[in-house]
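Notes for the structure review
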Amino acid sequence: GQQLNQSPQSMFIQEGEDVSMNCTSSSIFNTWLWYKQDPGEGPVLLIALYKAGELTSNGRLTAQFGITRKDSFLNISASIPSDVGIYFCAGHPYNNDMRFGAGTRLTVKP
Amino acid sequence: GAVVSQHPSWVICKSGTSVKIECRSLDFQATTMFWYRQFPKQSLMLMATSNEGSKATYEQGVEKDKFLINHASLTLSTLTVTSAHPEDSSFYICSARRGGAWEQYFGPGTRLTVT
């Protein structure tokens, strides 16, 4: 079941704006992952984080593994229309399988 | 690398029939595969986890006799929805994981419609 709180649930932004979303958990996670899902398709892995404090970029995307090991954020800079989709955080509590956030639905207005 | 395929991408079947969905890891060996179900505008719901050569582990509330999972090789897992009913209509997504890694790579999903 879900143990992650992901916010915001949805975002409506103008093309060119920056985006920030985050996930928090009640327990310590040893891995944080960020996925993007386009309509009618499976999620695609964007960024994987393995160490507390780790900051990783993938093009215009940047994600960080929180120091407390209980949170992570994803930033998208200079959004473009193809950034539209649902972004899911996911994480692994120790020795357990992946848990998903509820998703952040991003809409980008040209 | 890390490409996962699913077949079929969509299927329509009549109530009472069975449907098989295949999940393949195309360029890596998947020691563990997962099956998810997703309802519109909701997150992914884990149905079961399968390790190659072992029986699948089902999440609470998922009927193992209805959703048969077979993970016969390191690159193939199948989900069979038996005696399908309209309420089984959903988007089914598989994922695969390499041994020793935590990341899951997802297939493109299968849209099942039961009439």
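In every chain, residue numbers begin from 1 and rise along the written sequence. Chain letters start at A and ligand numbers start at 1, both assigned in the order the entries are written. At least 70 in pLDDT is required for a residue's local features to be given in this predicted model, at least 80 for side-chain atom pairs to be given and counted, and no such filter applies to totals for whole chains, interfaces and linings, which use all residues. The side-chain quantities take in all heavy atoms of the structure and omit both hydrogens and water.

What follows is about the overall build of chain A. A tally of helices and strands in chain A yields zero helices and 11 strands. By the criteria applied, helices consist of DSSP H or I runs no shorter than four residues and strands consist of E runs no shorter than two, each listed in order from the N terminus. Helices and strands in chain A line up, N terminus first, as β-β-β-β-β-β-β-β-β-β-β. With C-alpha atoms as the basis for the radius of gyration, the globule rule is written as 2.2 Å multiplied by the number of residues raised to the power 0.38. The C-alpha radius of gyration of chain A comes to 13 Å, within 12% of the 13 Å expected for a compact globule of 110 residues. Across its three principal axes, chain A shows a C-alpha extent of roughly 45 × 25 × 20 Å. Note on classification: 1.4 Å probe, protein chains only; a residue is buried when its accessible area is under 20% of the maximum for its type, exposed when over 50%, partly exposed between these limits. Going through the 110 residues of chain A one by one, you find that 45% of them count as buried. Contacts are assigned to residue pairs with any non-hydrogen atoms lying within 4.5 Å of each other. When contacts within chain A are restricted to residue pairs at least 6 apart in sequence, those whose partners lie at least 24 apart make up 53%. The accessible surface values rely on the Shrake-Rupley method and a 1.4 Å probe; as for residues, cover is taken only from the protein chains in view. Summing over all exposed atoms, chain A offers an accessible surface of approximately 5000 Å²; the carbon and sulfur share of this is 51%.

Take the nonpolar core next. The set of buried Ala, Val, Leu, Ile, Met, Phe, Trp, Tyr and Cys residues whose side-chain atoms join them within 4.5 Å is what this entry labels a nonpolar core. Of all hydrophobic cores here, the largest spans 26 residues; its most connected members are V4, F28, W35, F67, L79, Y92 and L112 of chain B. Those elements that place two or more of their residues in this core are β2 (10–13), β3 (19–25), β4 (32–38), β5 (44–51), β7 (67–73), β8 (76–81), β9 (90–97) and β11 (110–114) of chain B. With residues near it in sequence (within four places) discarded, L112 of chain B still touches V11, C13, V19, V81, D88, S89, S90 and Y92 of chain B. Counting residues in hydrophobic clusters, the runner-up holds 21 residues, among them I13, W32, W34 and L74 of chain A.

A word on the interface of chain B and chain A. Each side of the interface is counted separately: chain B has 19 residues, and chain A has 24 residues. In this description, buried area is defined as the sum, over both parts, of the accessible area (probe of 1.4 Å) that is lost when the two are combined. Approximately 1500 Å² of surface area, both sides summed, lies buried where chain B meets chain A, with 57% of it carried by carbon and sulfur atoms. Any carboxyl oxygen of Asp or Glu within 4 Å of a side-chain nitrogen of Lys or Arg constitutes a salt bridge here. Inspection of the chain B/chain A interface yields zero salt bridges. Any pair of nitrogen or oxygen atoms within 3.5 Å is treated as a polar contact; in protein, a donor-acceptor pairing is required on top of that, and neighbouring residues in sequence qualify only through side-chain atoms on both sides. Summed over the shared surface of chain B and chain A, the number is six residue pairs in polar contact (both at pLDDT 80 or more). Of all the secondary structure elements, the ones that give two or more residues to the side of chain B that touches chain A are β4, β5, β9 and β10 (105–106) of chain B. Polarity classes work like this: nonpolar for Ala, Val, Leu, Ile, Met, Phe, Trp, Tyr, Cys and Pro, charged for Asp, Glu, Lys and Arg, and polar for all others, with Gly in that last group. The residue makeup of the side of chain B that touches chain A, split by class, is nine nonpolar, six polar and four charged.

From the geometry alone we can't say anything about function, so treat these as descriptive.
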